[in-house]
Amino acid sequence: MERFGIGQAARRREDERFLTGAGQYLDDITLDNMCHSAVVRSPHAHARIVSVRTDEAEGAPGVIAVYTAADYVEAGYGPFPTLTEVAGIDEHGVRHPERHALASGTVRFVGDAVAFVIAETRAQARDAAELVDVEYEDLEPVVELATVLNDETPVIWPDIGTNLCYTFHKGDEDKTQKAIDSAAHVIELDLVNSRLVPSSIETRGAIGEWNAPDDQYVLYVAGQAVHTQKGQMAGAIFKVDPEHVRVIGPDVGGGFGAKNFVYPENVLVCWAAKKLGRPVKWVADRSENFLSEIHGRDHLTKATLAVDANGKFTALKVDTIANMGAYLSSFATIIPTSASWVVMGGIYDVPAISMHVRAVFTNTVPVDAYRGAGRPEAAYIIERLVDLAAGQTGIDRLELRRKNLIRSFPYTQALGMVIDCGAFEENLDLASQTIDLGALDKRKKKSAKSGLLRGVGVAAYLEVTLGNPAEATEVRFEEDGTVTLAVGTQSTGQGHETAYLQLLDNELGIPADKVVILQGDTGKIETGGGHGGSRSLSLGGTALLNAAADVRAKGTIAAAHFLDASEKDIGFNDGLFTVRGSNRTISILELSLAITGADDLPEDVPASLTSKGSVQRDAFNYPNGCHMAEVEIDPETGVIDLVRYVIVDDFGKVVNPMIAEGQAIGGTVQGIGQALLEATVFDPASGQLLSGSYMDYAMPRADDVPNIEVQLNQAQPTQTNPLGVKGAGEAGCSGAPPALVNAVCDALSEFGIRHIDMPLTPEKIWRTVRSAHGS
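A brief structural summary. (Residues numbered from 1 in each chain as written. Predicted model: local features only at pLDDT ≥ 70, side-chain atom pairs only at ≥ 80, totals over all residues. Heavy atoms only, no water.)

## So, the overall build of the protein chain
Part 1: When helices and strands are tallied, the protein chain shows 18 helices and 28 strands.
Part 2: The C-alpha radius of gyration of the protein chain comes to 28 Å, within 12% of the 28 Å expected for a compact globule of 775 residues.
Part 3: Residues classed as buried in the protein chain amount to 60% of the 775 residues present.
Part 4: Once local pairs closer than 6 in sequence are excluded, the contacts in the protein chain between residues at least 24 apart make up 80%.
Part 5: When the accessible area of the protein chain is evaluated, it comes to approximately 29000 Å², of which 48% is carbon and sulfur surface.
Part 6: The centroid of the 66 positive side-chain charges in the protein chain is displaced by 5 Å from the centroid of its 104 negative side-chain charges. (Helix = DSSP H or I, 4+ residues; strand = E, 2+ residues; numbered from the N terminus. Rg over C-alpha atoms; globule rule 2.2 N^0.38 Å. Buried < 20%, exposed > 50% of the residue type's maximum accessible area, 1.4 Å probe, protein only. Contact = heavy atoms within 4.5 Å. Areas by Shrake-Rupley, 256 points an atom, 1.4 Å probe, with all protein chains shown as cover. Lys, Arg positive; Asp, Glu negative; His and termini not counted. Charge placed at Lys NZ, Arg CZ, Asp CG, Glu CD.)

Written out as structure tokens, the structure is:
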């Protein structure tokens, strides 16, 4: 019988079923009488739809139906919802053009859905989709962020009259500008936070089913936030009461934020299932996923850091143009605004901060939350500026960081967030000692003998745990002697199942082999905040603790009855209720079965140990840490060799070090991908996605990444939750990009190279070195 508790590096229980093929992912599901579907997508970035002819497709083998926007309009469904109430947006508010599941009148990005084909097989649906004849009239696409707000640039939403979606401001602009004007040193930087294509191992997919007896849409989805999707589809799109929508998330092969949202295909399969009276499945292939799943990041930023004569930071000014793509996705509004300002300035004491954001529409794939979602962008800004400030002031980069660290807690940053704790200096010291920064000059000289350039990059990041602020958990004691743990969070590969089992064992002494984890089904779990913002352990774990406390309270009453003792004499430890001073005991599982089998229990004895726990977040916690990357560059080819990578993370108290380290490494590899490899390229003339497959969009491979050395600094557990934990899932994405860019710029500093925008491809490095050489 396996037993394990908090702090143990227990192997993930869920991995056995994943590795042996026993997991159930969306495409593993086959429902009775199920048919298949394909989406007809626009090949144009911006065009008027002149006509849609479906007769040839309708006559193709196996075709059941072909639906267009005209059919969809008849259904009377509402537009897709999006969050628009964000503090700091100016008096014009958020300009929110309507989006429906099928484009009507005009398409606005390559991949926009135009028609929906249903057939007996997937191959038949795809073949028939090729026969749908859509006539387009080309319009000029808008792709370039730098010129999107110019007067001569076409407006992609004529009813709005501008490509500006909203304007946001946070901070004291006058105080910030005065500090900049009077500063001894002013560091300015124009930078690009490059667009990324989320690349989960499992593409998106959905199955719609119509439950006629209950008048209910049932959606099976490879997604992350089933309760959120249920609420959005019921209220805004289908316009029905919530009980008429059920969303089920099976095992999910990665999400990274991109599967949090209601997509057109989710709605289309439900609509078609109702019309046809048959389940309808849709699964994207990889190319389709590139074109139809949201993208991440994509900012142009002008950043300014003011530093006084003593090397103290006095102000930070940030002005960003953020790409929303063609439509405003579910939570796109908050990513460059309230999900970013919460950590703006990082781990440093910056007295004045002013942040402006202009969000814009372009004829590109919509942009929304991608792992980190606003916080990596903020970390990149401040850590690049600090390195440049070190060069401009002549102060050593570590000394400059130490000089400006937040040292007194709780600390209220200039934009209003309260940081409760952090091991900032200790992280910096541990990382520099581990990578042996003091011996870097020797290593640089050794590399130079081989004609290579060596550098180390430092990035001290600050994260914050965000996401839905409420969570609930239920511990259900079943009649067969097992326990069902129903959680409102949702794992997409992070190891939640194992971490929750460790908590349950620690709190109630229930062995893992007696527990079934239930997640991702709005029909069986009343409420839940799903996945996002690295929230699951701090909120889901706290809700579990609250439920466990209720179980113990009920169990104490019941144990007193069955052991014929006073409640005050009952103790509980390691799954056993005991009468103190005696050998009378009953295990928690035995007690549950005794309650189930008992007749005529006294009124004061609970009829079940089943208990619910909930939590409402009232304070944020701040994961933080330090990344150091060491690179060696061949200036003749521009090839970068990432030779060493060191991380010190403060995740507070760690429930499972193996899982925490895995999350840190995974996020870091994604950050390495952004920094060195991943380039999302649209043709500026046509709006075509030129990097639409892994032949052109370079993902990090095993030989691109060294052994990543992770140390977990648990010296500063947070007091914002009873576990003392801080979110671990997204931290790597915040630390890696600035660490890599700082490392490369350190290696190239002898050429006077100050900054290079991501991704740092060999060609870009080679050209930059040649330009610096004047050759």
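## Examining the environment of Gly277
Part 1: If you trace the backbone, Gly277 turns up in the loop between helix 7 (264–276) and strand 12 (280–283).
Part 2: The class for Gly277 is exposed, based on a relative accessible area of 56%.
Part 3: In the structure, Gly277 is positioned 243 residues away from Met34 in sequence and 9.7 Å away in space, judged by C-alpha atoms.

## What to know about empty space enclosed by the protein
Part 1: In the structure shown here, the tally under the stated rule is 6 cavities of 30 Å³ or more.
Part 2: Its volume calculated, the largest cavity comes out at about 130 Å³.
Part 3: Along the walls of the largest cavity sit 17 residues, with Arg99, Val262, Tyr263, Ile294 and Ser329 positioned nearest its centre.
Part 4: Classifying every residue of the lining of the largest cavity gives 11 nonpolar, 4 polar and 2 charged.
Part 5: Roughly 80 Å³ of volume is contained in the second largest cavity.
Part 6: Residue lining of the second largest cavity: 13 residues in total, with His299, Thr301, Thr320, Glu377 and Ile381 positioned closest to the centre.
Part 7: Sorting the residues of the lining of the second largest cavity by element identifies strand 8 (185–193), strand 13 (299–307), strand 14 (313–325), strand 15 (353–361) and helix 9 (375–393) as the ones contributing at least two each.
Part 8: Here the residues of the lining of the second largest cavity sort into 7 nonpolar, 5 polar and 1 charged. (1 Å grid on protein atoms, 1.4 Å probe; cavity = no way out; pocket = protein on both sides within 12 Å on 5 of 7 lines; lining within 4 Å. Points joined across faces, edges and corners; volume = space filled by probe spheres on them. Nonpolar A, V, L, I, M, F, W, Y, C, P; charged D, E, K, R; others polar.)

## Focus: the packing of helix 10 (residues 397–404) against helix 11 (residues 424–434)
Part 1: Put simply, helix 10 and helix 11 touch, their axes get as near as 10 Å, and they point 165° apart. Accordingly, the angle class assigned to the pair helix 10 and helix 11 is roughly antiparallel. Crossing angle aside, the handedness with which helix 10 passes helix 11 is left-handed. Contacts between helix 10 and helix 11 involve Leu398, Arg401 and Arg402 from the first element and Glu425, Leu428, Asp429 and Ser432 from the second.
Part 2: Within the contact of helix 10 with helix 11, the residues separate by chemical class into 2 nonpolar, 1 polar and 4 charged. (Axes fitted to C-alpha atoms, helices over the stretch in contact; angles between N-to-C directions. Parallel < 35°, antiparallel > 145°, perpendicular 65-115°, else oblique. Left-handed = near helix turned anticlockwise from the far one by under 90°.)

## Details of the side chain of Ser329
Part 1: Relative to the elements of secondary structure, Ser329 occurs in the loop between strand 14 and strand 15.
Part 2: Setting aside residues up to four positions removed in sequence, Ser329 forms contacts with Thr82, Phe261, Ile294, Val367 and Asp368.

## A look at the state of the cysteines
Part 1: Under the definition given, this model contains 0 disulfides.
Part 2: Lacking any disulfide linkage, Cys270 is separated from the closest cysteine sulfur, that of Cys35, by 13 Å.
Part 3: This cysteine, Cys733, is not joined by any disulfide, and Cys626 carries the nearest cysteine sulfur, 17 Å off.
Part 4: Note on Cys733: relative accessible area 2%, which makes it buried. (Disulfide = S-S within 2.5 Å.)

## Notes on the sheet that holds strand 24 (residues 585–587)
Part 1: On the basis of which strands lie adjacent, the open sheet formed by 3 strands has the order 22-23-24 and antiparallel pairing. The open sheet has two free edges, formed respectively by strand 22 (570–573) and strand 24, since each of these has just one partner strand. Along the sheet, successive strands turn relative to each other by an average axial angle of 20°, direction set aside.
Part 2: Where strand 22 meets strand 23 (residues 576–579), 4 bridges bridge the pair, whose relative direction is antiparallel. Residue pairing for strand 23: Ile570 is matched across the bridge by Val579.
Part 3: Relative to strand 24, helix 15 (residues 588–597) is tilted by about 85°, and along the sheet it contacts strand 22, strand 23 and strand 24. (Pairing = 2+ DSSP bridges.)

## A short note on the sheet that holds strand 19 (residues 470–477)
Part 1: Pairing within the open sheet is mixed, and its 4 strands lie in the order 21-20-19-25. Two strands bound the open sheet, and with one partner strand each, they are strand 21 (515–518) and strand 25 (611–616). The average undirected angle you get between the axes of adjacent strands in this sheet is 15°.
Part 2: Relative to strand 21, strand 20 (residues 483–487) runs parallel, the two being bridged by 4 bridges. Paired with Leu485 across the bridge in strand 21 is Ile517.
Part 3: Where helix 13 (residues 496–508) meets the sheet, it contacts strand 19, strand 20 and strand 21, and its direction lies at approximately 130° from that of strand 21.

## Considering unusual backbone geometry
Part 1: Backbone torsion omega between Phe409 and Pro410 reads -5°, so that peptide bond is classified as cis.
Part 2: Along the chain, Pro410 turns up in the loop between helix 10 and strand 16 (411–412).
Part 3: In this chain, Met758 is followed by Pro759 through a cis amide linkage whose omega measures -5°.
Part 4: Structurally, Pro759 can be placed in the loop between helix 17 (731–747) and helix 18 (762–773).
Part 5: One non-glycine residue, Arg297, adopts positive backbone phi at about 65°.
Part 6: Mapped onto the elements of the fold, Arg297 is located in the loop between helix 8 (286–292) and strand 13.
Part 7: For Arg297, a relative accessible area of 3% translates into the label buried.

## As for the side chain of Arg204
Part 1: Mapping Arg204 onto the fold places it in the loop between strand 8 and strand 9 (205–211).
Part 2: Here Arg204 falls in the buried class, since its relative accessible area comes to 3%.
Part 3: One polar contact links Arg204 to Glu265, side chain to side chain, over a distance of 3.1 Å.
Part 4: Once you skip the residues sitting within four places of it in the chain, Arg204 turns out to touch Lys259, Tyr263, Glu265, Asn266, Trp282, Val283, Ala284, Asn289, Ser292 and Glu293. (Polar contact = N/O pair within 3.5 Å; in protein donor to acceptor, adjacent residues only side chain to side chain.)

## Topic: the pattern of salt bridges
Part 1: Applying the stated criterion across every chain, the model contains 42 salt bridges.
Part 2: For Asp387, the salt bridge goes to Arg401, with nearest N and O atoms at 3.0 Å. A residue pair is termed long-range when its members are at least 10 positions apart, and Asp387 in helix 9 and Arg401 in helix 10 qualify at 14 residues.
Part 3: Overall, Asp387 belongs to the buried group, its relative accessible area being 16%.
Part 4: Among the ionic contacts, a cluster of salt bridges with common partners joins Arg41, Arg126, Arg204, Glu265, Asp285 and Glu288. (Salt bridge = Lys/Arg side-chain N within 4 Å of Asp/Glu carboxyl O.)

## What to know about the layout of surface pockets
Part 1: The space that makes up the second largest pocket amounts to roughly 450 Å³.
Part 2: In this structure, the second largest pocket is lined by 21 residues; those nearest its centre are Glu144, Val192, Asp298, Thr680 and Val681.
Part 3: Residues of the lining of the second largest pocket, tallied by class, amount to 11 nonpolar, 4 polar and 6 charged.

## What about the packing of helix 6 (residues 226–238) against helix 7?
Part 1: Running from N to C, helix 6 and helix 7 point in directions that differ by 65°, and their axes come no closer than 12 Å. In terms of orientation, helix 6 lies roughly perpendicular with respect to helix 7. The interaxial crossing formed by helix 6 with helix 7 has right-handed handedness. Between helix 6 and helix 7, the residues in contact are Gln229, Met233, Ile237 and Phe238 and Asn266, Val267 and Cys270, respectively.
Part 2: Among the residues forming the contact of helix 6 with helix 7, the class breakdown is 5 nonpolar, 2 polar and no charged.

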